Structure formats: C-alpha cells, structure tokens
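# Topology and contacts: notes
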Amino acid sequence: MRASSASGRGASGFPRRPTNVIRLPLPRALRRQRTWRLGTALIALACATAVAARIYIFQAPAAINLPPVAPPNPEEGRILALVNGQRLSAGVATLEWSGRLLIAARMHSADMAARGYLAHDGPGGDTPVDRVRAAGLGYHEIAENLYADAADDRAALPARALRGWLADPAHRDNLLAARFHATAIAVARGADGTWYVTQDFIR
C-alpha cells in the first residue's frame, strides 16, 4: 500500500502544517512541477493503493446552478456508514452527506476509472480545489482520501477502503477530524476491473 499527504494554502494565511506534509504547488507552479504528479497506476489483483490530501483555503460560496445529483449507491452509502461508525467510536460527530460535494467526488472517480490513474490532480491539471469550486461550494478547508484496488468482491469494497484508510495516519486524520462536518463518497470501476474511491471532506 502506498500513501501520501499533501496540502496547500490560499490567501487567508492558515498556519503551516507539520513538516512531514508535502504542500500542493500553487496553480502557477503546477506547470513547472508536473513530474510531481503520479502517472498511470498499474494495480495488480488484491493490491490496494490509497492517497490522502488536505487543502487549506478560504473560498466564498459560488453562485452556480447545477442539476440535482443522484443519491449514493450501495457501496458509497456503506462507506459513509462505516466512516461514521468509526467517528462515533472516536467520540467525533458524524459527517453529513453533501450532494453538491458528490459532484466533485464523482467527477474525479469517473476520470480516474476512465484514464487508469490514482492521484489528486488529474492528467489535465485539475485539482481537488478546482473540482470543489466547479461544484459551486464555498469552504474553509477541504480534504480528500483516495483508494483503489482490483479485487473482485464488490460487496467487500467498503470494508477494504476503510481498512486501507485507517492503516495510514494521513487518511485516518481526515476520517476522524472533528473539524469536518460534511462528506461525499464516489465509487467508479475501470474497464480493467479496478475500483476507484474518492472521499471528499469539507468544512
């Protein structure tokens, strides 16, 4: 299993995070740092990969009219229930489901499944910040957990994703952080059978 954590700041001047956190490059620096991005992920059967990111930015709410989003599918709903169960066990309030945030999560899971990669930044240069803004959300902080594996058992995917996230400190911190109040989870499957899961958090 591989995991990494990244964060970036906007103009609001949030304090620096611990030194073991790799900061996301500012948009103007993205073109100079494309080699930092993960390439296409080749995932073998029963091999799981997870990536976590945290982004600290203040963005005012955007006035964007978007069509309604379909409700969570069974796997997405099960992951939410498992995550909220872990939060309750840790004495943390449960996360509310955000239909608007689901737009951003589904956009990313579908793109990863279609192009066969696992990374917070898409091949076209889109970032978690870009996707959340495109969904018309305002926020103080967002975070994103990613997971992928090629196991055949669809029903067990939620439990596998949760185990993978809880095993890594960066992912676990996102899952159990009391400061987040809303989430969305999107599951997509690539043509090669690989599952891709995106969980976005917001406050």
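Everything in this summary refers to the structure shown in the same document. (Residues numbered from 1 in each chain as written. Predicted model: local features only at pLDDT ≥ 70, side-chain atom pairs only at ≥ 80, totals over all residues. Heavy atoms only, no water.)

### Details of the overall build of the protein chain
Put simply, the rule reads: Going along the chain from the N terminus, every DSSP run of H or I of four or more residues is numbered as a helix, and every run of E of two or more is numbered as a strand. Throughout this description, buried means an accessible area under 20% of the type-specific maximum (1.4 Å probe, protein chains only), exposed means over 50%, and partly exposed covers the range between. Residue contacts are defined here by distance: any two heavy atoms, one from each residue, within 4.5 Å place the two residues in contact. Per-residue and other accessible areas follow the Shrake-Rupley method at a 1.4 Å probe size, with only the shown protein chains counted as cover for residues.
Helix and strand content of the protein chain: six helices and seven strands. In sequence order, the secondary structure elements of the protein chain are arranged as β-β-α-β-α-β-α-α-β-α-α-β-β. Among the 203 residues that make up the protein chain, the fraction classed as buried is 52%. Looking at the protein chain alone, contacts between residues at least 24 apart form 73% of all its contacts between residues at least 6 apart. When the accessible surface of the protein chain is summed, it comes to about 9,600 Å², and 56% of that surface belongs to carbon and sulfur atoms.

### Observations concerning the packing of helix α2 (residues 74-89) against helix α6 (residues 169-176)
Going by this rule: Simply put, an axis is a line fit to the C-alpha atoms, just over the touching stretch for a helix, and the angle between two N-to-C directions goes from 0 to 180 degrees. By definition in this entry, angles of less than 35 degrees are roughly parallel, angles greater than 145 are roughly antiparallel, angles of 65 to 115 are roughly perpendicular, and the rest are oblique. Note on residue classes: Ala, Val, Leu, Ile, Met, Phe, Trp, Tyr, Cys and Pro are nonpolar, Asp, Glu, Lys and Arg are charged, and everything else, Gly too, is polar.
Running from N to C, α2 and α6 cross one another at 85 degrees; their axes reach a closest spacing of 9 Å. Taken together, the axes of α2 and α6 lie roughly perpendicular to each other. Here α2 contributes Val83, Gln86 and Arg87 to the contact with α6, which in turn contributes Asn174, Leu175 and Leu176. Of the residues that constitute the contact of α2 with α6, the class distribution is three nonpolar, two polar and one charged.

### Brief notes about the pattern of salt bridges
So the rule is basically this: Salt-bridge detection follows one rule: a side-chain nitrogen of Lys or Arg within 4 Å of a carboxyl oxygen of Asp or Glu.
Following the criterion strictly, the structure yields 10 salt bridges and no others. For the salt bridge of Glu144 with Arg131, the shortest nitrogen-to-oxygen distance reads 3.3 Å. Of this pair, Glu144 sits in strand β5 (residues 139-149) while Arg131 sits in helix α4 (residues 128-134), and the two are 13 residues apart along the sequence. Like Arg131, Glu144 is buried. Here Arg179 ties to Glu141 by a salt bridge, and the two come within 3.0 Å at their closest N and O atoms. Residue Arg179 is found in the loop between α6 and β6 (182-189), and its partner Glu141 is found in strand β5; the two are separated by 38 residues along the sequence.

### Some thoughts on the environment of Gln199
What counts, and what does not: Between N or O atoms, a polar contact is any pair within 3.5 Å; within protein, one atom must be a potential hydrogen donor and the other a potential acceptor, and residues adjacent in sequence are included only when both atoms are from side chains.
For Gln199, the location among the structural elements is in strand β7 (residues 195-202). The exposure class assigned to Gln199 is buried, which follows from its relative accessible area of 0%. Expressed as a C-alpha distance, the spacing of Gln199 and Glu144, which sit 55 residues apart in the sequence, is 5.6 Å. Apart from residues no more than four positions distant in its own chain, Gln199 is found in contact with Val83, Leu95, Ala143, Glu144, Asn145, Trp165, Leu175, Thr183, Ala184 and Ile185. Of the polar contacts made by the side chain of Gln199, one reaches the side chain of Thr183; its length is 3.0 Å.

### Considerations on the packing of aromatic side chains
Let me state the cut-off plainly: In this analysis, rings of Phe, Tyr and Trp, with Trp reduced to its six-membered ring, are considered paired at centre separations within 6.5 Å, and the interplanar angle assigns stacked below 30 degrees, edge-to-face beyond 60, and tilted for intermediate values.
This structure, assessed with the given rule, holds one aromatic pair. Seen in terms of ring centroids, Phe180 and Phe201 are 5.7 Å apart; in terms of plane orientation they differ by 35 degrees. Their pairing is tilted. Of this pair, Phe180 sits in the loop between α6 and β6 while Phe201 sits in strand β7, and the two are 21 residues apart along the sequence. Among the residues examined, Phe201 registers a relative accessible area of 0% and is labelled buried.

### Notes on the environment of Ser98
Within the secondary structure, Ser98 is located in the loop between β4 (96-97) and α3 (99-115). Looking at Ser98, its side chain comes within polar contact range of the main-chain nitrogen of Leu101, at 3.0 Å.

### Section: α6
Residues of α6 that are buried include every one of Ala170, His171, Asn174, Leu175 and Leu176, and no others. A side-chain oxygen of the first residue of α6 lies 3.1 Å from the backbone nitrogen of Ala170; this N-cap is Asp168.

### Topic: the packing of α2 against helix α5 (residues 157-166)
Rules: Left-handed describes a crossing whose near helix is turned anticlockwise from the far helix by less than a right angle; the clockwise case is right-handed.
Close contact between α2 and α5 brings their axes to 9 Å; oriented N to C, the two are set at 40 degrees. Classified by the interaxial angle, the pair formed by α2 and α5 is oblique. Remark: the crossing between α2 and α5 carries right-handed chirality. Contacts between α2 and α5 involve Glu75, Arg78, Ile79, Leu82, Val83 and Gln86 on the former and, on the latter, Pro158, Ala159, Leu162, Trp165 and Leu166. Classifying every residue of the contact of α2 with α5 gives eight nonpolar, one polar and two charged.

By themselves, these figures tell us nothing about what the structure is for.
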